[in-house]
Amino acid sequence: ACLHTGIYGLNFYAGPLADDVRLNVREYTQEELEDAVVYYRDKANNLANMMPRDHLGNLAYPSFTELAEQAGDGFEALTYDRLYPVFAGSTAPVKELAWADMFTSMGITGVTMPITGEAAVNPQIPAVGLPFPMCHEMAHRMGIAVERDANFAAFLACRENSNPEFQYSAYFMAYIFSFNTLNAIQSQAASVAAARIAAGVNENFAHDMAAYNRFFDDHYDETASNLADFANNAYLKTSGDSGTDSYANVGDLLVYLYVQEVVLPAQKEDNKSSFDPYDENQVDLEGIVGALDKEDW
């Protein structure tokens, strides 16, 4: 325990990733949450239509090894282009998780060994889901310990990656997390909004979500999954995280990001003054010598 704490565990007590990426955290309205879910849905819709597919409509992604080689590109862009030094860690490719059948039955997509810094991802999970946990586990290896923050780092890194497969994985997961945040609100208005937004998922995106969910449903083992959840929840709480709920809490960060990057800039643009010093409807030019003599302008 002391070795774990000294090498990795203290990262659970680091400041929130939101501070490191200059994200303004504040209360948001349900309307802003709904708009964020629509935003991430529409991004995923557009990217779903761009993805290479086979004759059955299934995604035709590069191999695990190729994706693992590309996963670090997003973190490097965040570090050197966006100037976020928190991501200046190892971008070595993640490994394939051994005993994948066992981990699949538990619903586990990836594991990072804190003491050795070894990051591994389950190679069996559907293609659309691979880039996101690759970046999630790389974030852990960089010392981003809290699961909420590792998920947020994975979104940012996948979004920043120039490969569209990573971008799709970013918005695919962002839609799921933000939608679940909306769906968790116990009100009729939220339920109606969730149903309306879900109805706007296009055919390719819906196909990929169905395949993703079907994979985990088909391989789910209740006993193994409950055991894994119990152990992981205990580990996270003992380490200083909020438990397995932390994974889903990224939904809040995604809404904050939407407000900061989309809503606020639009409001500033709308409020921009169209002030024209020569417009007599905006400026009282009387008393200014020569101001009304347009021939002199």
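Structure: above.
Overview of the structure. Small disclaimer: the values here were computed from a predicted structure and weren't measured.

**Considerations on the packing of helix H3 (residues 30-48) against helix H11 (residues 203-219)**
- Between H3 and H11, the least distance of the axes is 7 Å, while the angle of their chain directions is 95°. Taken together, the axis directions place H3 and H11 in an arrangement best described as roughly perpendicular. In this structure, H3 uses Arg41, Ala44, Asn45 and Ala48 to contact H11, whose residues at the interface are Asn204, Phe205 and Asp208.
- Along the lines of polarity and charge, the residues of the contact of H3 with H11 split into three nonpolar, two polar and two charged.

**Some words on the nonpolar core**
- Residues Tyr40, Phe75, Phe87, Phe152, Phe155, Tyr168 and Tyr175 are the most contacted members of the largest nonpolar core, which totals 74 residues.
- By residue number, the principal contributor to this core is helix H9 (residues 164-183), which donates twelve residues.
- Other than its neighbours up to four places away in sequence, Tyr168 contacts Ala44, Leu47, Ala48, Met51, Arg53, Leu59, Tyr61, Val128, Asn204, Phe205 and Asp208.

**Quick look at empty space enclosed by the protein**
- According to the stated counting rule, one finds one cavity of 30 Å³ or more in the structure shown.
- Roughly 40 Å³ of internal volume is contained in the largest cavity.
- In terms of lining residues, the largest cavity is bounded by Asn24, Arg26, Tyr256, Val259, Gln260 and Leu264.
- The residue inventory of the lining of the largest cavity, partitioned by class, reads three nonpolar, two polar and one charged.

**With respect to helix H7 (residues 131-141)**
- Taken across its eleven residues, H7 has ten buried, putting it largely inside the fold.
- Of all the residues in H7, the buried ones are Pro131, Phe132, Pro133, Met134, Cys135, His136, Glu137, Met138, Ala139 and His140.
- Taken from the residues just after H7, Gly143 is the one with a positive phi, measuring 95°.

What counts, and at which threshold
- The residue numbers shown here count from 1 along each chain, following its written sequence.
- In keeping with the model being predicted, local features are shown solely for residues with a pLDDT of at least 70 and side-chain atom pairs are shown and tallied solely at 80 or more, while totals for entire chains, interfaces and linings include all residues.
- Side-chain numbers come from the whole structure's heavy atoms, not from hydrogens or water.
- To define axes, lines are fitted to C-alpha atoms, for helices over the stretch in contact only, and angles between the resulting N-to-C directions are given on a 0 to 180 degree scale.
- In this text, helices come from DSSP runs of H or I with a minimum length of four residues, and strands from runs of E with a minimum of two, each type numbered from the N-terminal end.
- Throughout this description, any angle smaller than 35 degrees is read as roughly parallel, any larger than 145 degrees as roughly antiparallel, any in the 65 to 115 degree range as roughly perpendicular, and the remainder as oblique.
- Contact criterion: two residues are considered in contact whenever any of their non-hydrogen atoms come within 4.5 Å of each other.
- Put simply, Ala, Val, Leu, Ile, Met, Phe, Trp, Tyr, Cys and Pro go in the nonpolar bin, Asp, Glu, Lys and Arg in the charged bin, and everything else, Gly too, in the polar bin.
- Nonpolar cores were defined as sets of buried Ala, Val, Leu, Ile, Met, Phe, Trp, Tyr and Cys residues, with membership established by side-chain atoms within 4.5 Å.
- Summary of the burial criterion: residues with accessible area below 20% of their type's maximum are buried, those above 50% are exposed, and those between are partly exposed, where the area comes from a 1.4 Å probe applied to protein chains only.
- Grid points spaced at 1 Å over the protein atoms alone were grouped into cavities, where a 1.4 Å probe fits but cannot get out, and pockets, open sets with protein on both sides within 12 Å along at least five of seven lines, with lining residues defined by an atom within 4 Å of a point.
- Grid points are joined across faces, edges and corners, and a volume is the space filled by probe spheres set on the points.

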